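# Chain and residue survey
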Protein chains: 2
Amino acid sequence: MQGDFSSWAKTHQSRFEQALQQLLPTADLAPQRLHQAMRYAVLDGGKRVRPLLAFAAGELTGASLAHLNIAAAAVELIHAYSLVHDDMPCMDDDVLRRGKPTCHVQYDEATALLVGDSLQTLAFQLLTEHHLNEDASKQLEMVKLLAIASGSRGMAGGQAFDLDSVGKALTIPELEFMHIHKTGMLIRAAILLGAHCGNVSDAQLSKLDHFGKCVGLAFQVVDDVLDSEADTATLGKTAGKDADHNKPTYVTLLGVAAAREMAQQLHQSALDALADFGDSAQRLRELADFIVFRKF
Amino acid sequence: MQGDFSSWAKTHQSRFEQALQQLLPTADLAPQRLHQAMRYAVLDGGKRVRPLLAFAAGELTGASLAHLNIAAAAVELIHAYSLVHDDMPCMDDDVLRRGKPTCHVQYDEATALLVGDSLQTLAFQLLTEHHLNEDASKQLEMVKLLAIASGSRGMAGGQAFDLDSVGKALTIPELEFMHIHKTGMLIRAAILLGAHCGNVSDAQLSKLDHFGKCVGLAFQVVDDVLDSEADTATLGKTAGKDADHNKPTYVTLLGVAAAREMAQQLHQSALDALADFGDSAQRLRELADFIVFRKF
């Protein structure tokens, strides 16, 4: 294990940004405005937490960087599409994302709609037009994994729960159910897809699965805490919107202290799942630390 | 070849409707409102032209109905998602589709957005969770084919061209470029995916590809003619909207007579591509007839 986490993350983020530049359609390719807007929505933004999780899981299973770039890009494109659609006026109606005007503000609503649609398609295109596994049936399983994590029983379903929950008094299990779908399943998919780019046993997958579920939920709990505390400048997106929209969060249901405690318990459970992996899981452990202890 | 075209089509439409009923998430599955709206947007509507093309191509290559149902459903879900998003206020702002209120009118805009997103994902999920070809690498090719036909260099790209073309004076080649993407590529994909469910040679694929391109473009030319002539009741959607929106069509560029002539030339070229296939391509020929000579 060479170098500290910060330099590891920076190296991967930088290389991944170049990969995304190349995997997205160029801005001069027709229809130009759509392709420009797709690049605007994806490039130069975000912490790339999901790609980093994929890279870290791939280190554990001996995956090649070339394969990991594709798997990480597919997951990040799904995440980016969900942000573009989530920011639209009929959803969260947000004007600021990653410190920049949201896609429909910078372009227009119709373009933002097509940008989200096209980014989702591109995710599945990437996973099928690149060779990711010697066994094509395993690669098909990877595509299926991303589809299930993204669809109406995954991320999009979680967003539908979120819509329906506005103004309602959710229980903790209901809130957990919502977030496992809205955020957790795609984070879990990032880890499993990264692992699948290399050689991984079913026993290892099962442990990575548990790790993924824990950090996925912890990510959302910490998000709620940060959203309740941070100001807009620090967060890079409009802060306090969840409370404004009367959306239930871990903070509104549990209070800040108990929400922080919950994040720490999930953190410990995530680390426990990696106990047998030794040094090769160091980056995954550091990412769990980053997710739980981040300030933005 | 048993029975006439009309009874063949009705039998397949009816069986396909049952398949869709089973392939879509049930309405009592959480999140219920999203799943109800997905079913509303897909079931009990449309001529199912793309599925019929897939079934006809599959008859030519000896594909099983079980496999064809999945391939046809994937294509139809992509088509249905595009209609839901296309009808939204930020796009065509249409209130009527297949004689029923559009999805965002019946539910709400946020739900319609998520319905389109989730239908797209489900298309890719279906193509990966069902066994469609003995060779998994060929099945991966099928998923890739659908992704390319649907994305920013396919259907969604065609819609972006369409947006950009409002109020502009397009040339015939520009209009053709737009429609090949917006409508043609998914129709071509339906035919090729149906063929891929069975045994098909590269030479056959090449001919089916040409057939698909011709009927795909003919479909749009005829759509323009019908839109310029029909009333809303016959069409099941708001008629004359293209002219109202100052959108270029084959009718506005060529006039009705020349547009009809163009459709007939494409029809002949499509039939020519099937010359070597004999009786097994009879349903494809009849579908080409239906597409060009339909009255709705």
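Located above this text is the structure these notes cover.
Attention in this report is confined to the structure presented alongside it. In this numbering scheme, every chain counts its residues from 1 along its sequence in written order. Chains and ligands are labelled sequentially in the order written, the chains with letters from A and the ligands with numbers from 1. Totals for whole chains, interfaces and linings use every residue, but because this is a predicted model, local features are given only for residues with pLDDT of at least 70 and side-chain atom pairs only at 80 or more, for both listing and counting.

In this section: the nonpolar core. Each nonpolar core comprises buried Ala, Val, Leu, Ile, Met, Phe, Trp, Tyr and Cys residues, the members being joined through C-beta atoms within 7 Å. Backbone-placed C-beta atoms define the burial measure: a residue is buried with 20 or more other C-beta atoms within 10 Å of its own, exposed with 12 or fewer, and partly exposed in between. One finds Leu146 and Ala218 of chain A together with Leu146 and Ala218 of chain B to be the most contacted residues of the largest nonpolar core, which totals 195 residues. Among all residues touching Leu146 of chain B, those that are not within four sequence positions of it are Ala74, Val75, Ile78, Ala123, Leu127, Ala189 and Leu193 of chain B. Any residue pair is listed as a contact if its two C-beta atoms, each placed from the backbone, are within 7 Å.

This brings us to the interface of chain B and chain A. Taken together, the contact between chain B and chain A spans 42 residues of the former and 42 residues of the latter. What counts as a helix is a DSSP run of H or I of at least four residues, what counts as a strand is a run of E of at least two, and both are numbered from the N terminus. Mapped by element, the contributors of at least two residues to the side of chain B that touches chain A are α2 (32-42), α6 (109-129), α7 (136-150) and α8 (155-165) of chain B. Within the side of chain B that touches chain A, the residues separate by chemical class into 21 nonpolar, 14 polar and seven charged. The classification used treats Ala, Val, Leu, Ile, Met, Phe, Trp, Tyr, Cys and Pro as nonpolar, Asp, Glu, Lys and Arg as charged, and all other residues, Gly among them, as polar.

Fitting of the copies onto one another was done by least squares over C-alpha atoms, counting residues only where both copies have pLDDT of at least 70. For these two chains of identical sequence, chain B goes onto chain A by a turn of 180° and a shift of 0.0 Å along the axis, with RMSD 0.0 Å. Those values place the two copies in the arrangement expected of a two-fold rotation axis. Relative to the rotation axis, the C-alpha of Ala136 of chain B is the closest in chain B, positioned 2.7 Å from it. When the interface residues of chain B are mapped onto chain A, 100% of them again lie at the interface, so the same face is used by both copies.

To obtain the bend at a residue, axes are fitted to the seven residues ending there and to the seven starting there, and the angle between these axes is taken. Of all the bends in helix α9 (residues 172-196) of chain A, the greatest, near 45°, is centred on Gly184 of chain A. When you tally the buried positions in α9 of chain A, you get 19 out of 25 residues, the bulk of the element.

Turning next to the packing of helix α14 (residues 256-273) of chain B against helix α15 (residues 282-293) of chain B. Residues and elements named next belong to chain B. In contact at an axis separation of 10 Å, α14 and α15 are set at 175° when each is read in the N-to-C sense. With respect to their mutual orientation, α14 and α15 come out roughly antiparallel. Residues Ala263, Gln264, His267, Ala270 and Leu271 of α14 pack against Arg285, Ala288 and Val292 of α15. Considering only residue class, the contact of α14 with α15 consists of five nonpolar, two polar and one charged. In this description, a line fitted to the C-alpha atoms serves as the axis of each element, helices being fitted only across the stretch in contact, and the angle between N-to-C directions of two axes falls anywhere from 0 to 180 degrees. Comment on the angle field: the value is read as roughly parallel under 35 degrees, roughly antiparallel over 145, roughly perpendicular from 65 to 115, and oblique elsewhere.

Take the environment of Arg260 of chain A next. Relative to the assigned elements, Arg260 of chain A resides in helix α14 (residues 256-273). When the C-alpha atoms of Arg260 of chain A and Ala218 of chain A are compared, they prove to be 9.3 Å apart, with 42 residues separating the residues in sequence.

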